[in-house]
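Understanding the architecture of this molecule
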Amino acid sequence: MKTILLTLALIFSMTIHAAQPDTVKVRYIHRLTEDDARIFENNLQKTVIYVNDQVTTHLIMPENIKLVDISTDKLVGNQCADNIVRLKPKSTLMDNELAGTVTVIGERHIAQFTVYYTKAPKRAHSVYTVGQEDIRDYTNPEVSMTQGDMSRLCWSIFMSRRKCFRVHGKQYGIRAQVNNIYTVGDYFFIDFSLQNKSNIKYDIAEIRLKLMDKKELKATNSQTIELTPVYMVNHADHFTKSYRNVIVLKKLTFPEEKKLRLEITEDQISGRVSYLDINYRDILNADSFAPELLINLQ
């Protein structure tokens, strides 16, 4: 009898052991913590892009690209423009085979894509424009405003009426004037225009910004600082009668003894030079961000 009981106990023990799968511990989440929410958010399904070895796929970001990461060597790619990445499979893959993950980091946004191979070239994306639903914000301390936002603000200012009447000048039949000065975040937006009263077209060689002394001093004491514009909306190289542009400059302060000179040089050996001198009080009187400028940002 004892032998029978021992045998039954052994069989029962083996049955229980066989019913337990060899697996890791499963964690059941009934209430998401902050860490859990972050994990689930980071693992949301990414946008799917289909590629084919006969098609070059172009991803167009809404802003300039800082970094592109391709997770596998099944894909090759490069950045062919400021905001465009092109991708292509390195070789022929299986239909619907996972080719990898592509991460594109812009000035203020990040986008991730799951890339699959398709045997049908017509199904592959040749151009994919990244939309708002594909990107997420991230904090970039080096960029307080994207060039896309700068461009939209510049065009909004470009289309606005003139509010500044203090700064103007006339040289060689060219009348120059500042139309508006805006301060937006960490930048100055300077809107200016030229009127050509002569019969000779004006070929623009370069547009320069200088911080210089108001009074002409000895060469040893005079100091001129060249400033580099961050963005410029109009890249026309000549005009016949009228010209307008908006340039973006990193915000700065300077003493009363200095002036900000905007210089437009003509592309000739004895070329004409038009310039506008902006005093610090004109900068101080610059309009802050005007609500009407938001129209073109929607």
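Residues numbered from 1 in each chain as written. Predicted model: local features only at pLDDT ≥ 70, side-chain atom pairs only at ≥ 80, totals over all residues. Heavy atoms only, no water.

1. Observations concerning the packing of aromatic side chains
Two aromatic rings are characterised by how far apart their centres lie and by the angle between their planes. Selection criterion: Here a pair means two rings of Phe, Tyr or Trp (six-membered ring of Trp) with centres within 6.5 Å. Their orientation is stacked below 30 degrees between planes, edge-to-face above 60, and tilted elsewhere. Counting from the N terminus, the helices are the DSSP runs of H or I reaching at least four residues and the strands are the DSSP runs of E reaching at least two. With a 1.4 Å probe rolled over the protein chains alone, any residue whose accessible area is under 20% of its type maximum counts as buried; one over 50% counts as exposed, and the rest are partly exposed. Lysine and arginine charges are scored as sitting over a ring when NZ or CZ, respectively, is within 6 Å of the ring centre and within 35 degrees of the ring normal.
Counted according to the given criterion, the structure contains 6 aromatic pairs. Seen from their ring centres, Tyr-202 and Phe-239 are 5.4 Å apart, and the 25° between their planes marks the pair as stacked. Within this pair, whereas Tyr-202 is found in strand S13 (residues 202–213), its partner Phe-239 is found in strand S16 (residues 238–239), the two being separated by 37 residues in sequence. As far as the burial class goes, Tyr-202 and Phe-239 line up, both buried. The aromatic ring of Tyr-50 is capped on one face by Arg-123, whose charged end is 4.0 Å from the ring centroid. Looking at Arg-261, its charged tip hangs above the ring of Tyr-275, at a distance of 4.0 Å from the centre.

2. Observations concerning the nonpolar core
To be explicit about the condition: Here, nonpolar core refers to any group of buried Ala, Val, Leu, Ile, Met, Phe, Trp, Tyr and Cys residues whose side-chain atoms link them within 4.5 Å.
Formed by 29 residues in total, the largest nonpolar core has its most connected members in Phe-192, Leu-260, Leu-262, Ile-264, Ile-278 and Ile-283. At the level of secondary structure, the elements contributing two or more residues to this core comprise strand S11 (174–184), strand S12 (187–196), S13, strand S17 (242–250), strand S18 (258–266), strand S19 (273–278) and helix H4 (280–284). Counting residues in each nonpolar core, the second largest holds 19 residues, with Val-51, Leu-59, Leu-87 and Leu-93 among its members.

3. Concerning the environment of Tyr-172
The condition is simple: What makes two residues a contact is simply this: any of their non-hydrogen atoms within 4.5 Å.
Positionally, Tyr-172 belongs in the loop between strand S10 (168–171) and S11. Between the alpha carbons of Tyr-172 and Arg-272 there is a distance of 6.7 Å; along the sequence they are 100 residues apart. Among residues more than four places away in sequence, those in contact with Tyr-172 are Arg-272 and Val-273.

4. Notes on the confidence of the model for the protein chain
Quick reminder of the rule: Per-residue confidence from the predictor is given as pLDDT, running between 0 and 100.
Predicted confidence across the protein chain gives a mean pLDDT of 79, with 76% of residues reaching 70 or more. Counting contacts from residues 15–41, a segment whose pLDDT is below 50, to residues more than four positions away or on other chains yields 6 contacts.

5. Section: unusual backbone geometry
Notably, Asn-96 is not glycine yet its phi reads approximately 65°, a positive angle. In this structure, Asn-96 sits in the loop between strand S5 (84–89) and strand S6 (98–106). Of the residues examined, Asn-96 reaches a relative accessible area of 42% and is grouped as partly exposed. Residues other than glycine seldom take positive phi values, yet Tyr-172 does so here, at roughly 55°.

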